[in-house]
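Below, each chain spelled out in residue letters.
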Amino acid sequence: AQSVTQLDSHVSVSEGTPVLLRCNYSSSYSPSLFWYVQHPNKGLQLLLKYTSAATLVKGINGFEAEFKKSETSFHLTKPSAHMSDAAEYFCVVSGYTGKLIFGQGTTLQVKP
Amino acid sequence: SAVISQKPSRDICQRGTSLTIQCQVDSQVTMMFWYRQQPGQSLTLIATANQGSEATYESGFVIDKFPISRPNLTFSTLTVSNMSPEDSSIYLCSVDGSTENYGYTFGSGTRLTVV
């Protein structure tokens, strides 16, 4: 069975400082992992995905995530936060059935 | 990646009534997924819809409450039946657009308020 845990429900950073959103996963299979972002009253947008190729995955808008099997982690980072990054972020794992399991979400607040 | 058109985008419904949500995909897909996002919460899978067979429901969701149709490889509907205020949520459909660069694609969602 698969599961995903986002370790922080809320993260607050200042504009221009690094962002770290933490995610741990559990999977009986080699997982596919995703990060999605949801801006207020907007749909879900894929930031990046990992599917057993390179462990460091680069996504859109300067985000990247590193797959660490030994730590069962897939943390999302960005070197410098922008005001437009304020949103809800979901770490997601996919199993062999194609079903997506979402983490509880992390609200990113960016202060001026 | 696939493009999904979902409608309605929002609706306000009376309790006891039903609402049917439609998702149209611009390409043929084997599986379509329906999710619910309750206020302030994450997404939970309701069911997986395959063309030509009964939908597969997750624990806590039943066909009588959430009947699903999948008449062809580009279209699906989800009905929320006999609604109560607890059904107020965002409902989203999704397809696996996975390629090297793309993940699952989601419809824009239906924001349902039951009064």
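What comes next is a walk through the structure.

Calculation criteria
- Residues numbered from 1 in each chain as written.
- Chains lettered and ligands numbered in written order.
- Predicted model: local features only at pLDDT ≥ 70, side-chain atom pairs only at ≥ 80, totals over all residues.
- Heavy atoms only, no water.
- Buried < 20%, exposed > 50% of the residue type's maximum accessible area, 1.4 Å probe, protein only.
- Helix = DSSP H or I, 4+ residues; strand = E, 2+ residues; numbered from the N terminus.
- Pairing = 2+ DSSP bridges.
- Contact = heavy atoms within 4.5 Å.
- Buried area = accessible area lost by both parts, 1.4 Å probe.
- Salt bridge = Lys/Arg side-chain N within 4 Å of Asp/Glu carboxyl O.
- Polar contact = N/O pair within 3.5 Å; in protein donor to acceptor, adjacent residues only side chain to side chain.
- Lys, Arg positive; Asp, Glu negative; His and termini not counted.
- Phe/Tyr/Trp six-rings, centres within 6.5 Å; stacked < 30°, edge-to-face > 60°.
- Axes fitted to C-alpha atoms, helices over the stretch in contact; angles between N-to-C directions.

## Notes on the pairing of strand E11 (residues 110-114) of chain B
Successive side chains on a regular strand alternate, one facing one side of the sheet and the next facing the other. Residues and elements named next belong to chain B. Residues of E11 alternate between two faces, with Thr110, Leu112 and Val114 buried on one and Arg111 and Thr113 left unburied on the opposite face. In this structure, strand E9 (residues 89-96) lies alongside E11, joined through three bridges in antiparallel fashion. Following the sheet pairing, Ser89 is matched in E11 by Leu112.

## Focus on the interface of chain B and chain A
Counting residues at the interface gives 20 residues for chain B, matched by 17 residues for chain A. When chain B packs against chain A, the two sides together hide about 1,400 Å² of surface, and 54% of this comes from carbon and sulfur. Counting the surface chain B buries against chain A, the share from its top three residues, Ser42, Tyr104 and Phe106 of chain B, is 36%. Our count for the chain B to chain A interface comes out at one salt bridge. With its nearest N and O atoms 2.9 Å apart, the salt bridge here joins Lys99 of chain A to Glu58 of chain B. Our count for the chain B to chain A interface comes out at six residue pairs in polar contact (both at pLDDT 80 or more).

## Topic: the side chain of Arg36 of chain B
Mapped onto the elements, Arg36 of chain B comes out in strand E4 (residues 31-37). Although buried, Arg36 of chain B forms no salt bridge, and the nearest oppositely charged side chain, Asp87 of chain B, lies 4.7 Å from it.

## A few points about the packing of aromatic side chains
Per the stated rule, a full pass over the model turns up 15 aromatic pairs over all chains. Plain terms: the ring middles of Tyr25 of chain A and Phe67 of chain A are 5.6 Å apart, the flat faces sit at 25° to each other, and that makes the pair stacked. With Tyr25 of chain A in strand E4 (residues 23-26) and Phe67 of chain A in strand E8 (residues 64-68), this residue pair connects regions lying 42 residues apart in the sequence. Ring plane angle 65° and centroid distance 5.6 Å describe the contact between Phe61 of chain B and Phe66 of chain B, whose orientation is recorded as edge-to-face. Like Phe61 of chain B, the residue Phe66 of chain B is buried in the burial classification.

## Structural notes on the sheet that holds strand E1 (residues 4-7) of chain B
Paired through their backbone hydrogen bonds, the strands of a sheet run either parallel or antiparallel. All names here are of chain B. Here we have four strands laid out as an open sheet, ordered E1-E3-E8-E7, and antiparallel in their pairing. Across the chains shown, the open sheet's two edge strands, defined by having one partner strand only, are E1 and strand E7 (68-72). In this sheet, neighbouring strand axes are inclined to one another by 15° on average, regardless of whether the strands run parallel or antiparallel. Here strand E3 (residues 19-25) pairs with strand E8 (residues 75-80) via six bridges, running antiparallel. Bridge pairing links Leu19 to Val80 in E8.

So, to be careful, I would describe these as geometric facts and stop short of saying anything about function.
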